[in-house]
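Listed below are the residues making up each chain.
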Amino acid sequence: MTTSRRILGALAAAGAAALVLSGCVAKADVAAGASFDVSSTDSACDVSGATAKSGTLVFDVKNTSGQTSEFYLLAEDGLRIVGEVENIAPAASRTLTVVAQPGTYYTLCKPGMIGDGVGKSEFTVTGDRVAVTGEDAEQKQKAVDLYAAFVKDQVGQLVPAVDALVAAYESGDDETARTLFPQTRAFYERIEPVAEALGDLDPRIDYREVDAVAEGLDWTGFHRIEKDLWVPAQDALNADGETPAWQDWAPSTPEERAGYGDQLIADTQELYDYVHSKDFTTALDDQGIGGISNGAIALLDEVATGKISGEEDWWSGTDLYDFAANVEGSKMAFSLVQDFAEAQGAEGKKLVGEIEDGYAALEAALAKHGSLTDGFVNYSQLTEDDKREFTDLINALAEPLSQLTGTVLD
C-alpha cells in the first residue's frame, strides 16, 4: 500500500486462462469430449484419467472428505483457474464442465476451502483448438466468474499463510517470520484492490507507518509486523525520508505482538468472508469486464507508485516480491479480457501484442533479480540503472494498457 492509496471500485488480478477455455462454443465444433470421476478426500484428489482430447470435458466430483471441498482445473502456470466447483459438502457431488483447448493443466482439490490444496496432478489435453462462438454477454460473465474464483483461491491461501506468519511472530521466532513475510504478502498483493475497495480494511492490513500517522489511524497489519522483524538502526529514517524511525515507536512487547498478530488474522478472515459473500458477487457483476481490465491497470500503478521506489517494504527490502505479485495479478487480469480486445479487429490485435510484449519484457527484467519461488535480492542491491530499467519498462507497458478498458468495452 502506498501513500497514493485509491479506494477502487475496479477489480484486481484475474485468474483464468484465455476465455476460450470455458466460453460458449458451437455444438458442431465441440469434440465428443470425455467424463472423469474425481474423488476428493482429506489428503488426495484422485481423477480417473490424466489425458483427454480437446473439447467438452466433464468432471464428476465426489467429496468423501469430512470437510466442505472444492475442485479446480488450473492452467499450466498453476495460478490461473480454468474452471472450478466450490462448496461441495461432505458426501455430496458436483459437476464441472469446461471446454478445454490443447495444453497442460493441473487438477487440484481443496478440502476445507483454504490453503494450497491436495493432490495436484498434471492433466494433458491434446488435439485441435475448439472454435469459440456464442453470446458475447455469456462469455463476459464467464470471465467475471473465473476472476471471482481466482480471488477466492488467493485469499484462501492467504488465510493459513497469515496464520503461520503470525505464529512465528508471536512466538519470537523472527528468523522464520522473516522468511514467511514476503511469500505471505504475495497472495495479498495479487488481489490488493479488492481489499482497497472495502474502506478501512486495507489500511488495517497494509498501511505503512507514514500513511497511518498522516491520517491519524492506528498502525497495524503487515508493516507493523515488518518493523518489529527488521528493527531499524537508531539513526534510521522512516519512508518519508524525514521522520526518525524511533520517533513514537519502539519494538513491540510480546503482549503487543500478540495483539498485532491477532488483529491481522481477524482482518484476513474478514477479507475471506467478504470474497465468499453475495456482496462480492454482486460487486463483480456490476463492474463486469471493464472492472477486470481496470484492475490490470490498477495493479501496475501499485508497482509504479510504491514498489519501484522501495517505499513499500521499507525495513525488509522485500519490495521485489510485491512487485512480482502485482505484475502477476495485472497480467492475469489482462489475459482474462484480451480475447475481447482482439475481437475488435486489427487495432485490437495490435494493442494486445504490445501489451504482451510489455509484460514479457518486465518479467524478463524481474527474472534477473530472482523469483517468487526462489526469492528475490534485497531492494538495496538494485543499482540506479536497474531502477531506471524497471521504470522505463513500466511506463512502456502502462501506455497501451491504459487503452485496454476502452477497447474491451467497444
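Quick caveat, the model's predicted, so the values are computed rather than measured.

**Observations concerning helix α1 (residues 136–171)**
Between the first and last C-alpha of α1 there are 53 Å, a value that for 36 residues agrees with the 52 Å anticipated at 1.5 Å per step. Note on α1: the residue one or two positions beyond its end, Gly172, has a positive phi of about 85 degrees.

**Observations concerning the side chain of Arg208**
The topology assignment puts Arg208 in the loop between α4 (201–206) and α5 (209–215). Under the relative-accessibility criterion, Arg208 is labelled buried at 5%. In this structure the side chain of Arg208 is engaged in a polar contact, spanning 3.1 Å, whose partner is the backbone oxygen of Glu311.

**Notes on the sheet that holds strand β9 (residues 118–126)**
In space, the five strands of this open sheet follow the order β3-β9-β8-β5-β6, with mixed pairing throughout. Edge positions in the sheet fall to β3 (51–53) and β6 (81–88), since each has one partner strand and no second. Within the sheet, the average angular offset between the axes of one strand and its neighbour, ignoring direction, is 20 degrees. As paired strands, strand β8 (residues 103–109) and β9 are joined by six bridges and run antiparallel to one another. The residue bridging Thr104 from the neighbouring strand is Thr124, located in β9. Each of β5 (69–74) and β6 touches α1; the most contacted strand, β6, lies at about 65 degrees to it.

**Some details on the nonpolar core**
Membership of the largest hydrophobic core comes to 81 residues, with the highest contact counts inside it found for Phe222, Leu271, Phe323, Leu362 and Phe390. With 16 residues, the single largest contributor to this core is α1. Among residues more than four places away in sequence, those in contact with Leu362 are Leu300, Phe323, Val327, Phe390, Leu393, Ile394 and Leu397. By size, the runner-up hydrophobic cluster in this structure holds 21 residues, among which are Cys45, Leu57, Val82 and Phe123.

**Regarding the state of the cysteines**
Counting across every chain of the model gives one disulfide. Two residues share a disulfide in this structure: Cys45 and Cys109, whose sulfurs sit 2.0 Å from each other. Where Cys45 bonds to Cys109 through sulfur, the torsion about that S-S bond is close to 55 degrees, and the disulfide is right-handed. With Cys45 in strand β2 (residues 45–47) and Cys109 in strand β8, this residue pair connects regions lying 64 residues apart in the sequence. Taking relative accessible area as the criterion, Cys45 reaches 4% and is therefore assigned buried. In this structure Cys109 comes out as buried when scored by relative accessible area, which is 0%.

**With respect to the pattern of salt bridges**
Taken as a whole and judged by the stated rule, the model has 22 salt bridges. Put simply, Arg190 and Glu328 hold a salt bridge, and the shortest N to O gap is 2.6 Å. Of the two residues, Arg190 is situated in helix α2 (residues 174–190) and Glu328 in helix α9 (residues 319–342); the sequence distance between them amounts to 138 residues. Two residues, Glu384 and Lys387, come together in a salt bridge whose shortest N-O distance is 3.4 Å. Linking Glu384 with Lys387, this pair stays in helix α11 (residues 384–401), spanning three residues, or about one helical turn.

**What to know about the packing of aromatic side chains**
Taken as a whole and judged by the stated rule, the model has 13 aromatic pairs. When the centroid spacing of 5.0 Å and the interplanar angle of 80 degrees are considered together, the rings of Trp246 and Trp249 count as edge-to-face. Since its relative accessible area comes to 26%, Trp246 is described here as partly exposed. The class of Trp249 is buried, set by a relative accessible area of 5%. Ring-pair connections join several aromatic residues into one group, and the members of that group are Phe36, Phe59, Phe71 and Phe123.

**Side note on the environment of Phe123**
For Phe123, the location among the structural elements is in strand β9. In the structure, Phe123 is positioned 53 residues away from Glu70 in sequence and 17 Å away in space, judged by C-alpha atoms.

**Quick look at the packing of helix α6 (residues 222–229) against helix α7 (residues 254–275)**
Interhelical geometry of α6 versus α7 gives an angle of 145 degrees and a closest axis separation of 9 Å. Remark: the crossing between α6 and α7 carries left-handed chirality. For the pair formed by α6 and α7, the contact residues are Phe222, Arg224, Ile225, Asp228 and Leu229 on the first element and Arg257, Tyr260 and Leu264 on the second. Each residue belonging to the contact of α6 with α7 can be placed in one class, and the counts come to five nonpolar, no polar and three charged.

**What to know about the pairing of β5**
Counting buried residues in β5 gives six out of six residues, a clear majority hidden from the surface. Of the two faces of β5, the one holding Ser69, Phe71 and Leu73 and the one holding Glu70, Tyr72 and Leu74 are both buried throughout. Sheet topology note: the β5/β6 ladder contains five bridges and is antiparallel. Looking across to β6, one finds that Ser69 is bridged to Ile88. The antiparallel pairing of β5 with β6 creates a hairpin that spans six residues between the two strands, and Gly78 there sits at a positive phi of about 75 degrees. Here β5 pairs with β8 via four bridges, running antiparallel. What sits directly across from Leu73, in β8, is Thr107.

**Digging into a negative patch on the surface**
Among the surface-exposed residues, Glu347, Glu354, Glu356, Asp357 and Glu399 lie close enough to one another that they form a single negatively charged patch. Take the negative patch: its biggest share by element is four residues, from helix α10 (residues 346–367). Along the chain, the position of Asp357 falls in helix α10. In this structure Asp357 comes out as exposed when scored by relative accessible area, which is 55%.

About the criteria used
Residues numbered from 1 in each chain as written. Predicted model: local features only at pLDDT ≥ 70, side-chain atom pairs only at ≥ 80, totals over all residues. Heavy atoms only, no water. Helix = DSSP H or I, 4+ residues; strand = E, 2+ residues; numbered from the N terminus. Expected span 1.5 Å × (residues − 1). Buried < 20%, exposed > 50% of the residue type's maximum accessible area, 1.4 Å probe, protein only. Polar contact = N/O pair within 3.5 Å; in protein donor to acceptor, adjacent residues only side chain to side chain. Pairing = 2+ DSSP bridges. Axes fitted to C-alpha atoms, helices over the stretch in contact; angles between N-to-C directions. Contact = heavy atoms within 4.5 Å. Core = buried A, V, L, I, M, F, W, Y, C linked by side-chain atoms within 4.5 Å. Disulfide = S-S within 2.5 Å. Salt bridge = Lys/Arg side-chain N within 4 Å of Asp/Glu carboxyl O. Phe/Tyr/Trp six-rings, centres within 6.5 Å; stacked < 30°, edge-to-face > 60°. Left-handed = near helix turned anticlockwise from the far one by under 90°. Nonpolar A, V, L, I, M, F, W, Y, C, P; charged D, E, K, R; others polar. Patch = residues over 30% accessible without salt bridge, like charges linked within 9 Å, V, L, I, M, F, W, Y side chains within 5 Å. Areas by Shrake-Rupley, 256 points an atom, 1.4 Å probe, with all protein chains shown as cover. Lys, Arg positive; Asp, Glu negative; His and termini not counted. Charge placed at Lys NZ, Arg CZ, Asp CG, Glu CD.

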